[in-house]
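Letter by letter, the chains look like this.
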Amino acid sequence: MQKFAESKQFLVNVWNLTKSYWQSEEKKKAFLLLAAIVALTLGVVYMLVLLNEWNNAFYTALQNYETNEIFHQLKRFTILAFIYIILAVYSYYLQQVLIINWRLWLTNNYIDEWLSHKTYYRLQMFGVDTDNPDQRISEDVNLFVTNTLSFSIGILKAFCTLISFIVILWSLSGPLDFTLAGHPIHVEGYLVG
């Protein structure tokens, strides 16, 4: 129960650190960038599904010695790979743009807060020996923003890929019928299980 409470508190803390940027004056640009990143990530997942279908078509043609189909599939692969690379590169580029914007805003916000109440003076006066707090703020913000965005986009991509390939596996597996202890059993999409 304590682990659940700690996990909940951790998520609340992450949300409190995150929401300030998404509610700031830069929220329109941030949400546009995020929407583009999500769309490109979904496009990458869709390209993975198409490459999976291509894999089946290519190796079937190879197995059946269909020369024309093999060359057609190689041309198709070139197009699919080109589109996949474009989507992946632009997704990465826009993620880096969002990270830079978010880092800049958050770093400026924290440094302004640190300087506004003369915290630097109190740290020096009361003997707390902290070296380069401005650099620490910058580095911590960098790690927080980069890891938060990478983790979130990674979770989205992994979830969409999982769902897509479960659907593919379900459609490929068909039903499984067998008898257990004299009772007929019918299992749909048995390969998914």
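On a predicted model such as this, the values are computed, not experimentally measured, just so you know. (Residues numbered from 1 in each chain as written. Predicted model: local features only at pLDDT ≥ 70, side-chain atom pairs only at ≥ 80, totals over all residues. Heavy atoms only, no water.)

(A) Structural detail: the overall build of the protein. Each helix and strand in the protein was counted, giving 5 helices and 2 strands. Here the C-alpha radius of gyration of the protein, 26 Å, is well above what a compact globule of 193 residues would show, namely 16 Å. In terms of its C-alpha atoms, the protein occupies a principal-axis envelope of roughly 80 × 50 × 30 Å. In the protein, which comprises 193 residues, the proportion classed as buried is 26%. Sequence-distant contacts in the protein: of pairs separated by 6 or more residues, those separated by 24 or more amount to 65%. Working note: accessible area of the protein is about 13800 Å², and carbon and sulfur atoms make up 65% of it. Within the protein, one finds 13 positive and 15 negative side-chain charges whose respective centroids are separated by 7 Å. (Helix = DSSP H or I, 4+ residues; strand = E, 2+ residues; numbered from the N terminus. Rg over C-alpha atoms; globule rule 2.2 N^0.38 Å. Buried < 20%, exposed > 50% of the residue type's maximum accessible area, 1.4 Å probe, protein only. Contact = heavy atoms within 4.5 Å. Areas by Shrake-Rupley, 256 points an atom, 1.4 Å probe, with all protein chains shown as cover. Lys, Arg positive; Asp, Glu negative; His and termini not counted. Charge placed at Lys NZ, Arg CZ, Asp CG, Glu CD.)

(B) Structural context of the packing of aromatic side chains. In total, this model carries 9 aromatic pairs according to the counting rule given. Relative to Trp22, the ring of Tyr21 lies with its centre 5.4 Å away and its plane at 75°, an arrangement referred to as edge-to-face. The buried category is assigned to Tyr21, whose relative accessible area is 0%. Here the aromatic cluster, defined as three or more aromatic residues joined through ring pairs, consists of Tyr21, Trp22, Phe31, Trp102, Trp105 and Phe144. (Phe/Tyr/Trp six-rings, centres within 6.5 Å; stacked < 30°, edge-to-face > 60°.)

(C) View of unusual backbone geometry. Phi is positive for Tyr65, close to 55°, though the residue is something other than glycine. Along the polypeptide, Tyr65 turns up in the loop between helix H2 (27-63) and helix H3 (67-116). With a relative accessible area of 73%, Tyr65 lands in the exposed category. Even without a glycine there, the phi angle at Ala181 is positive, about 55°. Within the secondary structure, Ala181 is located in the loop between strand E1 (175-180) and strand E2 (183-188).

(D) Broad picture of the layout of surface pockets. The volume enclosed by the largest pocket comes to roughly 240 Å³. Lining the largest pocket, in full, are Phe10, Leu11, Val14, Trp15, Thr18, Phe144, Asn147, Thr148, Phe151 and Ser152. Here the residues of the lining of the largest pocket sort into 6 nonpolar, 4 polar and no charged. (1 Å grid on protein atoms, 1.4 Å probe; cavity = no way out; pocket = protein on both sides within 12 Å on 5 of 7 lines; lining within 4 Å. Points joined across faces, edges and corners; volume = space filled by probe spheres on them. Nonpolar A, V, L, I, M, F, W, Y, C, P; charged D, E, K, R; others polar.)

(E) Structural detail: the pairing of E2. Here E1 runs beside E2; their pairing, made up of 6 bridges, is antiparallel. Along E2, the bridge assignment pairs Phe178 with Ile185. Between E1 and E2, which pair antiparallel and follow one another directly, the connecting turn spans 2 residues, one of which, Ala181, has a positive phi of 55°. (Pairing = 2+ DSSP bridges.)

(F) Quick peek at the packing of helix H1 (residues 2-22) against H3. With their axes 10 Å apart at the nearest point, H1 and H3 run at an angle of 105° to one another. Taken together, the axes of H1 and H3 lie roughly perpendicular to each other. In contact with Leu17, Thr18, Ser20, Tyr21 and Trp22 of H1, H3 contributes Leu98, Asn101, Trp102, Trp105, Leu106 and Tyr110. Residues that form the contact of H1 with H3 fall into these classes: 8 nonpolar, 3 polar and no charged. (Axes fitted to C-alpha atoms, helices over the stretch in contact; angles between N-to-C directions. Parallel < 35°, antiparallel > 145°, perpendicular 65-115°, else oblique.)

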